[in-house]
Structure formats: C-alpha cells, structure tokens
Amino acid sequence: MSQRVKGKGSRSWVLAFTAGVLFIVVGCVACWAVYQAAQRDIRGENKVTLEVAYSPEKQALFEELVKRFNAGRPRTPSGRQITVVASQMEPEAMIEEALAGRFQALSPDSSVWLAQLELEWQEQHQSEISIVGETTRFAVSPVVIAMWEETARSLGYPDKAIGWADLLSTARTNPDFKWSHPATSSASGLLATLATFYAGADKTRGLSVADATAEWTLAYVAALEKTVRYYGEGEWAVIQQVLTKGRAYLDAFVVQEQLVIQFNERSKDKLVAIYPMEGTMWEDHPLAFLERPDTTAEQRLAYRSFRNFLLSRDAQMLVLANGYRPTDLSIPLDSPSSPIKAANGVDATQPKTTLQIPSPAVIQVVRDVWQYTKRKTNVYLVADVSGSMQGEKL
C-alpha cells in the first residue's frame, strides 16, 4: 500500500516538474517572439508604409484623417503595422513625383489629374498598362462662383438663377467689376473652363473636340475670358488673398464650395456660392492606389485599410464637419450640425445641373485652346539703372 502511494507521489512530482518546465519553455518562447516582434518594429521590418500625396486645399481635413487612422495602429492580416505618411503637393507636381516612382497612393482634388497621369504613364512606358488602380471617393465639392452677398443680390440672387452669361454681362457693363478664375493648371480653373466651353456649346453632356473648337463656342469663351481680371493662383491662394485684402481685391472668383464655407466661418464679411445655371462640375477628391511592377500585396492591403477608414461613418462625419459633402449618402446635409447651410452662403439642394467630365482627349484640347482664348497680359521687366546701382555686385 505504501509503495503504491510512493509511486503515485513520484509520478505526480514528475508530472508537475515536466509541466513547470514546459510552462517556462513556452513562456520563454513567447517572450522571445514578443522581443523579436518588438525588434522588427524598431527596425521597421514589421511595418508597411503607405505614402500618399494630397492636394493643398484639404490639408486640415486630410492630416486629421491620417492622424486618426495611424492612432488606431491598424495591421495587415499578417500582423504588420500600417502607417500612412502624407505629403501636401500641387496636382501637377504630384503627377511628376508619381511618374518618378514616389508615392503608393494619390488624393488630388479631381479625377481629371488621374486621367492625365494615366496618359503620361502610358506614353512614358509605351504601354497600355494602367498605373491607376483601385480608386475611391471620400469627399466631393461642387465648383462655384463665389461672390460677395451684396454683389450677388445686385444680380438677382437668391431669387434668380445666375450663370456665366450674367458674369459676362456684368463685367462688360461695369468696368470696376473684378472677377477671377485659376489657370487650367488647377482643378477649379480647369473645371470652370470646361464649364464655360459647355455653356458656349449649349450642352451639359458629351462635349466633343468638334464642340470645343466650334467657332461659336470659341467666341463665347473668348468673350468671357477677356473680362477676367486675374489668372494664375489656385483657389486656396485666392481665398488667402481675399481674407487679407477683402472686397477691394475681387468681386467674384471661382473656388470649390467648401472654401466658401471655410471663408464665412472665419470672416465677418459674407460670400455666397453661385451654382452656374448652365451647369456645375465637381471636385471629387479621389484616393487612388498606384499599380507598379514593384507594388507589393502588403501595400495594396494598406491602401484598402486606409480606404475603408475614410469611408467609415466617423471619417465621413469629419468630412462633412470640414465643409465637404460626404460620399456616404446616408449622412444628411441638412442636419443642425451640418456646415452646408445658407448661413455659410451655400445651398445643400444645389447644383441643379451637373456637367459630365469629357474624355481626356477633349480636356487636353480645351487646355490648349484656352491659351488662345484667355485674356492676354503685358509683362514688363523694370531695371534700376540709377547711380545707386553702381559698384561691386553683391
């Protein structure tokens, strides 16, 4: 009896000892795995970085979205931590950098730049292989004519629908009237120019090369362009100038709706958004993944994770709070907290007519033709040759 008891006690001790050793071994292996993972994190081996370029006018929104995404420490299915690194850049520079191999994703202010990137990529590589991969839209904003409220009321706002023809008539009859739109190197400038070509052709869809180069279209656009006071600066730069110089700077100018809201939230003076009666185009703020031969599956997963975050309810509410229209149509634009309201000079029920984006070939023709229809300028180089300029060169 005592021998059986002793035998059972010995076996129990052996089992306990074995279990203890196994526990220690498993614990050491786990600790080593955690240590190795931590070392990979430190060396960056356990991370996947998504480099994204975005357009300047949405800096506040995009930086906040990236900050919130990264704070959640998202990971790929294999456990690699995803980090988004965002760089602010004008769209044309963005395209150059993308062609040079920088960035895995782009978020310009309009899809027209993606079409341009595609054309240049295919020309560069003599191939029909596409560089623009998965694309989503997380914020949109119509291109409008911003006017001081008093100026708009003098044209019949808000009871009368106002369009490009009213702008032309006012500029012709009032030599003090000053209006501006950016050059076609910016999305708002290009989209506004496309809108005027549509107006000249009396169409809302299917603008063709024949339409864009028709005599009556060119005459209409040239007449309108000759009344423009300033070109060149993008919409963000114009808003900064108007904030600084006020009413004396311009009476009307082309921007996206979101910037009218932003201005009115920061200024005592009030702008209103005019949605041209002939039709309006939208800045659609895409997020596009770039497909290259060296693209990795992990980068593609990182893009999808960021995309899903941008389309989440919380992110879409942040989009709205910043004055953009969310692409989640279940979010009402007329809620009490929405900034898209008359108090901010905008109308959530507008635009009534949306213009179709023409083909890349037509867009290029419009950009080329615009150089001949736009108002010409005189540039003077002034040199000081007085005695004060004599002496050693600095």
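Structure: above.
Since the structure is predicted, the reported quantities are computational estimates derived from the model, not experimental observations.

A.B. asks: For this particular structure, what's the right way to read empty space enclosed by the protein?
C.D. replies: Taking a probe equal in size to a water molecule and rolling it over the atoms shows the remaining empty space. In this structure the tally under the stated criterion is one cavity of 30 Å³ or more. Roughly 60 Å³ of internal volume is contained in the largest cavity. Together, Val143, Val144, Ile145, Trp164, Leu191, Ala192, Ala195, Val254, Pro276, Gly279, Thr280 and Met281 line the largest cavity. Residue composition of the lining of the largest cavity, grouped by class: ten nonpolar, two polar and no charged.

A.B. asks: Even after reading the chapter, I still don't get the nonpolar core, so can you show me in this structure?
C.D. replies: Grouped burial of nonpolar side chains is what soluble globular proteins tend to show. Core analysis: the biggest nonpolar cluster contains 60 residues, and Leu106, Leu117, Met147, Trp164, Leu167 and Trp179 have the highest contact counts within it. The greatest single-element share of this core, amounting to ten residues, is contributed by helix H7 (residues 187-201). Setting aside its immediate chain neighbours within four residues, Leu106 contacts Val52, Ala53, Met94, Ala98, Leu117, Pro286, Leu287, Ala288 and Leu290. Ranked by size, the runner-up nonpolar core spans 24 residues in total, among them Phe69, Phe138, Ala139 and Leu318.

A.B. asks: For this particular structure, what's the right way to read the layout of surface pockets?
C.D. replies: Computed from the structure, the largest pocket encloses a volume of approximately 370 Å³. In terms of lining, the largest pocket is formed by 23 residues, of which the most central are Tyr157, Pro158, Tyr275, Asp347 and Gln350. In terms of residue class, the lining of the largest pocket is built from 13 nonpolar, three polar and seven charged. Taken as a whole, the second largest pocket spans an internal volume of roughly 210 Å³. Lining the second largest pocket are 13 residues, with Glu90, Ser186, Gly234, Glu235 and Trp236 sitting closest to its centre. The element best represented in the lining of the second largest pocket is helix H10 (residues 235-245), accounting for three residues.

A.B. asks: Which parts of the structure should I look at to understand the side chain of Lys58?
C.D. replies: Its location among the elements puts Lys58 in the loop between strand E1 (47-54) and helix H2 (59-71). When neighbours within four sequence positions are excluded, Lys58 is seen to be in contact with Ser107, Pro108, Asp109, Phe138, His285 and Tyr324.

A.B. asks: In this structure, what is going on with the packing of H10 against helix H11 (residues 257-266)? I would like to understand it.
C.D. replies: Axes are the key here: two packed helices are described by the angle between their axes and the distance separating the axes. One can describe the packing of H10 onto H11 by two numbers: an axis separation of 11 Å at closest approach and a directional angle of 25 degrees. Taken together, H10 and H11 sit at an angle that is classed as roughly parallel. When the axes of H10 and H11 are compared, the crossing they make is right-handed. Here Glu235, Trp236, Ile239, Gln240, Val242 and Leu243 of H10 come into contact with H11, specifically with Leu259, Gln262, Phe263 and Arg266.

A.B. asks: When you look at the pairing of strand E2 (residues 81-88) in this model, what are you seeing that I'm missing?
C.D. replies: The pairing of E1 with E2 spans eight bridges and is parallel. In the sheet register, Thr49 faces E2, and the bridge partner there is Thr83. Handedness of the crossover is the feature at issue here: the chain leaves E1, passes through H2, returns alongside E2, and the resulting connection is right-handed.

A.B. asks: How do you make sense of the sheet that holds strand E3 (residues 105-107) when you look at a structure like this?
C.D. replies: Adjacent strands of a sheet pair through backbone hydrogen bonds, lying either parallel or antiparallel. With respect to topology, five strands assemble into an open sheet ordered E2-E1-E3-E10-E4, the strand pairing being mixed. In the strand order of this sheet, the two ends are held by E2 and strand E4 (132-137), each with one partner. Each strand axis lies, on average, 25 degrees off the axis of its neighbour in the sheet, ignoring direction. Two strands pair when backbone bridges link them, and E1 and E3 are joined in this way by three bridges, in the parallel orientation.

A.B. asks: Help me understand helix H4 (residues 112-125) in this model?
C.D. replies: Structurally, the α-helix is built with 3.6 residues per turn, so residues lying three or four positions apart point the same way. Taking 1.5 Å per residue as the helical rise, H4 with its 14 residues ought to reach 20 Å, and the 20 Å between its terminal C-alpha atoms agrees with that figure. Taken together, the buried positions of H4 are occupied by Val112, Trp113, Leu114, Gln116, Leu117, Glu118 and Trp121. Positive phi appears at Gln126, one or two residues downstream of H4, with a value of about 50 degrees.

A.B. asks: In this structure, what is going on with the environment of Ile340? I would like to understand it.
C.D. replies: Within the fold, Ile340 resides in the loop between strand E11 (325-326) and helix H14 (360-373). Taking the C-alpha atoms as reference points, Ile340 and Tyr324, separated by 16 residues in sequence, lie 8.1 Å from one another. Aside from chain neighbours lying at most four places away, what touches Ile340 is Glu257, Ile261, Leu320, Gly323, Tyr324, Arg325, Leu333, Val346 and Ala348.

Calculation notes
- Residues numbered from 1 in each chain as written.
- Predicted model: local features only at pLDDT ≥ 70, side-chain atom pairs only at ≥ 80, totals over all residues.
- Heavy atoms only, no water.
- 1 Å grid on protein atoms, 1.4 Å probe; cavity = no way out; pocket = protein on both sides within 12 Å on 5 of 7 lines; lining within 4 Å.
- Points joined across faces, edges and corners; volume = space filled by probe spheres on them.
- Nonpolar A, V, L, I, M, F, W, Y, C, P; charged D, E, K, R; others polar.
- Core = buried A, V, L, I, M, F, W, Y, C linked by side-chain atoms within 4.5 Å.
- Buried < 20%, exposed > 50% of the residue type's maximum accessible area, 1.4 Å probe, protein only.
- Helix = DSSP H or I, 4+ residues; strand = E, 2+ residues; numbered from the N terminus.
- Contact = heavy atoms within 4.5 Å.
- Axes fitted to C-alpha atoms, helices over the stretch in contact; angles between N-to-C directions.
- Parallel < 35°, antiparallel > 145°, perpendicular 65-115°, else oblique.
- Left-handed = near helix turned anticlockwise from the far one by under 90°.
- Pairing = 2+ DSSP bridges.
- Right-handed = clockwise from strand over helix to strand, strands pointing away.
- Expected span 1.5 Å × (residues − 1).

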